[in-house]
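Here's the letter readout for the chains.
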Amino acid sequence: MTNASHYPLVLGPIIASMIVPKVLINGGVGLNIIFADTLKKIGLDFTSLLTPTDVPFYGIVPSKAAMPLEQIMLPVTFGTPNNFRTEFIKFEVVDFESSYHAIFGRPALDKFMVIPHYPYLLLKMLGPNGVLSF
C-alpha cells in the first residue's frame, strides 16, 4: 500500500453498549467529539447524563469558535469478550454533519494508554489478557 499514512485510522469500538463503526482516531486534537446524531442512533435516554458547557473550541469552523451543545461521559470498550478494556470517556456533544460517528483525541488515547501507529493503521493497548491490536 503506497502512502499508508494518508489514510485515516478508523475503528469501531463499543460506546454505551452499541458498536459504533466509524470512529476517527486523531491524536492531534485535544478533545473527544461525539455527534448528536450518533447519540440518537444509540437509542438510549442520555438526557440525565448530559452536563452543560460554555467552553468553545476552535478549528472546526475556520476563524470562528464552535460551541459544543453539552458534555457527556460514556463507557467505551475495545476488544473481545475474552480480552477487552473499558474506560469512561468525556465527549463534547456537537451538532455538526460528519461522515464519522465520533472522534477520539488525545484525552481518550491517554485514558486507554494506547499506541497509535498511523502508517500501519493500527492501534495497540494493554488488556487484562495481553495486548489488544486493532
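Summary of the structure given here. Note that this is a predicted model, so its numbers are computed, not measured. For every chain, the first residue of the written sequence is number 1, and numbering continues from 1 along that sequence. Local features are withheld for residues below a pLDDT of 70 in this predicted model, meaning they are given only at 70 or higher, and side-chain atom pairs are given and counted only at 80 or more; totals for whole chains, interfaces and linings count all residues. Side-chain calculation: all heavy atoms of the structure are included, whereas hydrogens and water are not.

**Considering the overall build of the chain**
Moving on, step 1. Working definition: helices are DSSP H or I runs of at least four residues, strands are E runs of at least two. Numbering for both runs from the N terminus. Broken down by element type, the chain carries 2 helices and 11 strands.
Moving on, step 2. Along its sequence from the N terminus, the chain presents helices and strands in the succession β-β-β-β-β-α-β-β-β-α-β-β-β.
Moving on, step 3. Against the 2.2 N^0.38 benchmark of 14 Å for 134 residues, the chain shows a C-alpha radius of gyration of 15 Å, consistent with a compact globule.
Moving on, step 4. Expressed along its principal axes, the backbone C-alpha trace of the chain runs to roughly 40 × 35 × 25 Å.
Moving on, step 5. Residue exposure (1.4 Å probe, protein chains only): buried if accessible area is under 20% of the type maximum, exposed if over 50%, otherwise partly exposed. Here the chain, with 134 residues, has 37% of them falling under the buried criterion.
Moving on, step 6. Residues are treated as being in contact if the distance between any of their heavy atoms lies within 4.5 Å. Long-range pairs, those at least 24 residues apart, make up 58% of the contacts in the chain between residues at least 6 apart in sequence.
Moving on, step 7. In these tables, accessible area is a Shrake-Rupley quantity obtained with a 1.4 Å probe, and a residue counts as shielded only by the protein chains included in the view. Taken as a whole, the chain presents about 7900 Å² of accessible surface, with 60% of it coming from carbon and sulfur. Atoms considered for the radius of gyration are the C-alpha atoms alone. The globule rule reads 2.2 Å times the number of residues to the power 0.38.

**Let's talk about the sheet that holds strand 2 (residues 14-15)**
Moving on, step 1. Think of it this way: DSSP has to see at least two bridges between two strands before they count as a pair. Taken together, 8 strands build an open sheet; the order of strands is 1-4-8-5-7-6-2-3 and the sheet is mixed. Every interior strand has two partners, whereas the edge strands, strand 1 (9-11) and strand 3 (18-19), have only one.
Moving on, step 2. Looking at chain direction, strand 2 and strand 3 are connected through 2 bridges and run antiparallel. The residue bridging I15 from the neighbouring strand is M18, located in strand 3.

**Digging into the side chain of T53**
Moving on, step 1. One can find T53 in the loop between helix 1 (36-42) and strand 6 (70-80).
Moving on, step 2. Under the relative-accessibility criterion, T53 is labelled buried at 17%.
Moving on, step 3. Pairing of N or O atoms within 3.5 Å defines a polar contact, subject to two protein rules: one partner must be a possible hydrogen donor and the other a possible acceptor, and residues neighboring in sequence count only if both atoms are side-chain atoms. Within the local environment of T53, its side chain forms a polar contact with the backbone nitrogen of V55, the two atoms lying 3.4 Å apart.
Moving on, step 4. Beyond its immediate stretch of four places on either side in the chain, T53 contacts M67, P68, E70, Q71 and E92.

**A look at the sheet that holds strand 10 (residues 122-127)**
Moving on, step 1. Judged by pairing direction, the sheet is antiparallel, and its 3 strands sit side by side in the order 9-10-11 without closing on themselves. Each edge of the sheet is formed by a strand with only one pairing partner; in this case those strands are strand 9 (115-117) and strand 11 (130-133). Pairs of neighbouring strands in the sheet enclose a mean axial angle of 25°, with direction left out of account.
Moving on, step 2. When strand 9 meets strand 10, the two strands line up antiparallel, connected through 3 bridges. Counterpart to H117 in the pairing with strand 10 is L122. Axis definition: a line fit to C-alpha positions, over the contact stretch in the case of helices; interaxial angles, taken between N-to-C directions, run 0 to 180 degrees.

**A look at the environment of P8**
Moving on, step 1. Following the sequence through the fold, P8 ends up in the segment before strand 1.
Moving on, step 2. Considered as a pair, P8 and A108 are 100 residues apart in the sequence and their alpha carbons are 17 Å apart.
Moving on, step 3. Once you skip the residues sitting within four places of it in the chain, P8 turns out to touch L24, Y100 and L121.

**Describing the environment of I89**
Moving on, step 1. Here I89 is to be found in strand 7 (residues 83-94).
Moving on, step 2. When the C-alpha positions of I89 and L109 are compared, they lie 9.7 Å apart, and in sequence the two are 20 residues distant.
Moving on, step 3. If we skip the residues at most four places from it in the chain, I89 touches N32, I72, M73, L74, V76, A108, K111 and F112.

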